[in-house]
Amino acid sequence: MTDYTSWRVIGEGTERTCYQNPVDQTRCVKIIRKSRVKQTLREISYFRYLIGRGVPFDHLPKFYGEIKGGGFIGIEQELVHDLLPDKRGTSPIQASPTIRQYMAVPRSKEEIRAFWKAVNELKAYLLRYNILAGGIDENNVVVQQTPSGIKLVVIDGVYDTEWIPVSKYFKFLGRRKMERRWKRFLYWLKIDFPQVNLVDPLAESQA
Ligand SMILES: Nc1ncnc2c1ncn2[C@@H]1O[C@H](COP(=O)(O)OP(=O)(O)OP(=O)(O)O)[C@@H](O)[C@H]1O
Ligand SMILES: [Mg+2]
């Protein structure tokens with residue numbers, strides 16, 4: 001059986017550790033450390049549900065499957081990394097930074113403008129496909145460089161916490177729930193990273 005813990009650690013959350021696949025560096029596995037498997041199981045079933053609905057994974061890591069082993073459970077997915085042609089071939093492939101890591105260094109006004117544009121694009125995507133990102137926050141969203149600019153990808157927190165997932169099936173309820181969650185996300189973003197206030201996000205959504 002594969003010993004994932006011998007793979008390179010690319011990130012650690014409160015519950016899971018994310019390891020890079022040494023053979024295909026664009027893939028990673030997330031292994032649950034404690035006996036708290038609920039989040040991962042919920043995520044797996046939610047990803048399968050999205051795939052079944054034909055939702056494009058534009059702002060989500062591609063889902064490759066479930067991993068089960070003695071006493072642990074895991075998820076295999078795309079390792080979100082920067083897509084810059086000049087960096088191709090560098091080894092190992094680095095994971096894109098989380099919003100927290102990205103905002104840990106001073107950003108120019110242009111970069112903040114691009115950031116808000118990316119935030120608005122993410123919101124439009126989540127609402128368009130009625131995707132519930134109940135756990136969205138600055139550690140669970142990564143900032144990916146692409147040839148056409150930055151893109152936000154939700155790497156954790158995409159699931160539904162409701163026992164009876166009403167919002168999943170009724171679009172307007174899902175939308176209301178998402179709007180509430182989104183407000184909280186933006187509230188903390190502006191407090192934790194004052195530099196984002198360099199640019200008015202609303203101006204960017206109209207641009
Ligand atoms: N698909 C991915 N691509 C790139 N980096 C990732 C990916 N998945 C996870 N990471 C990195 O690993 C860290 C931990 O992963 P994840 O957020 O899934 O763990 P968690 O324990 O569920 O987090 P939380 O503390 O939010 O509960 C992330 O913050 C991120 O830095
Ligand atoms: Mg996380």
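Our subject is the structure that appears above.
All of the points below concern the structure found in this document.

About the thresholds
- In this numbering scheme, every chain counts its residues from 1 along its sequence in written order.
- Labels follow written order: the first chain is A, the first ligand is 1, and so on.
- A pLDDT threshold of at least 70 governs which residues receive local features in this predicted model, and a stricter bar of 80 or more applies before side-chain atom pairs are shown or counted, although totals over entire chains, interfaces and linings include all residues.
- To obtain the side-chain values, all non-hydrogen atoms of the structure were included, while hydrogens and water were left out.
- Pairing between strands is defined by DSSP: at least two bridges between the two strands are required.
- In DSSP terms, a helix is any run of H or I states spanning at least four residues, a strand is any run of E spanning at least two, and both are numbered starting from the N terminus.
- To obtain each axis, a line is fitted to C-alpha atoms, and for helices this fit is confined to the stretch in contact; angles are then taken between N-to-C directions over 0 to 180 degrees.
- Contact criterion: two residues are considered in contact whenever any of their non-hydrogen atoms come within 4.5 Å of each other.
- Any residue with a non-hydrogen atom lying within 4 Å of a molecule or strand is treated as near it.
- Pairing of N or O atoms within 3.5 Å defines a polar contact, subject to two protein rules: one partner must be a possible hydrogen donor and the other a possible acceptor, and residues neighboring in sequence count only if both atoms are side-chain atoms.
- Computed with the Shrake-Rupley method and a 1.4 Å probe, the accessible areas treat only the protein chains shown as cover for residues.
- Using a grid of 1 Å spacing that covers the protein atoms alone, one calls a set of points a cavity when a 1.4 Å probe fits there but cannot get out, and a pocket when the set is open and has protein on both sides within 12 Å along at least five of seven lines; lining residues are those with an atom within 4 Å of a point.
- Assignment of a molecule to a cavity or pocket requires that more than half of its atoms lie within 2 Å of the corresponding grid points.
- Residues were grouped as follows: Ala, Val, Leu, Ile, Met, Phe, Trp, Tyr, Cys and Pro as nonpolar; Asp, Glu, Lys and Arg as charged; and all remaining residues, including Gly, as polar.
- An automatic or database domain assignment is the source of the domain bounds shown.
- A patch is a set of surface residues, each over 30% in relative accessible area and not in a salt bridge, joined within 9 Å for like charges and within 5 Å for the nonpolar side chains Val, Leu, Ile, Met, Phe, Trp and Tyr.
- For this document, the term salt bridge refers to a Lys or Arg side-chain nitrogen within 4 Å of an Asp or Glu carboxyl oxygen.
- Buried residues are those whose accessible area, probed at 1.4 Å on protein chains only, stays under 20% of the maximum for their type, while exposed residues exceed 50% and partly exposed ones sit between those limits.

### Here we look at the sheet that holds strand 2 (residues 16-20)
1) Next: In spatial order, the strands read 1-2-3-5-4; together these five strands make up an open sheet with antiparallel pairing. Each edge of the open sheet is held by one strand with a lone partner, namely strand 1 (8-12) and strand 4 (63-69). With strand direction ignored, the average angle separating the axes of adjacent strands in the sheet is 25 degrees.
2) Next: When strand 2 meets strand 3 (residues 27-32), the two strands line up antiparallel, connected through five bridges. Residue pairing across strands places Tyr19 opposite Val29, the latter belonging to strand 3.
3) Next: Where helix 1 (residues 38-52) meets the sheet, its contacts fall on strand 2, strand 3, strand 4 and strand 5 (72-78), and the angle it forms with strand 5 comes to roughly 40 degrees.

### Section: the site of ligand 1
1) Next: Contacts to ligand 1 come from 21 residues, most closely from Thr14, Glu15, Arg16, Glu78 and Val80.
2) Next: Between Gln77 and ligand 1, the recorded distance is 3.0 Å, taken from a side-chain N or O atom to a nitrogen atom.
3) Next: Within the backbone of Glu78, one N or O atom sits 2.9 Å away from a nitrogen atom of ligand 1.
4) Next: Protein chains shield 91% of the accessible area of ligand 1, which is 620 Å² for the free molecule.
5) Next: Under a 2 Å grid-point criterion requiring more than half of the atoms, the pocket assigned to ligand 1 is the largest pocket.
6) Next: Mapped by element, the contributors of at least two residues to the shell around ligand 1 are strand 1, strand 2, strand 3 and strand 5.
7) Next: With three residues, strand 1 is the single largest residue contributor to the shell around ligand 1.
8) Next: Across the shell around ligand 1, the residue classes break down as seven nonpolar, eight polar and six charged.
9) Next: There are two domains that each give the shell around ligand 1 at least three residues, and those are domain 1 (4-78) and domain 2 (85-206).

### Observations regarding unusual backbone geometry
1) Next: Phi at Asn130 takes a positive value of approximately 55 degrees, unusual for a residue other than glycine.
2) Next: By the secondary structure assignment, Asn130 is in the loop between helix 3 (109-128) and strand 6 (141-146).

### Concerning a nonpolar patch on the surface
1) Next: Among the surface-exposed residues, Val166, Tyr169, Phe170 and Phe172 lie close enough to one another that they form a single nonpolar patch of about 450 Å² accessible area.
2) Next: If you trace the backbone, Val166 turns up in helix 4 (residues 166-169).
3) Next: In this structure Val166 comes out as partly exposed when scored by relative accessible area, which is 34%.

### Observations concerning the pattern of salt bridges
1) Next: Counted according to the given criterion, the structure contains 14 salt bridges.
2) Next: A salt bridge links Glu78 to Lys62, with the nearest nitrogen and oxygen atoms 4.0 Å apart. Pair noted here: Glu78 is in strand 5 and Lys62 is in the loop between helix 1 and strand 4, with a separation of 16 residues, a long-range link.
3) Next: Classification of Lys62 as partly exposed rests on a relative accessible area of 44%.
4) Next: The salt bridge involving Glu138 is made with Arg100; its shortest N-O contact spans 2.6 Å. Of this pair, Glu138 sits in the loop between helix 3 and strand 6 while Arg100 sits in helix 2 (residues 99-102), and the two are 38 residues apart along the sequence.
5) Next: Here Glu138 falls in the buried class, since its relative accessible area comes to 7%.
6) Next: Taken together, the shared-partner salt bridges connect Arg16, Glu43 and Asp156 into one network.

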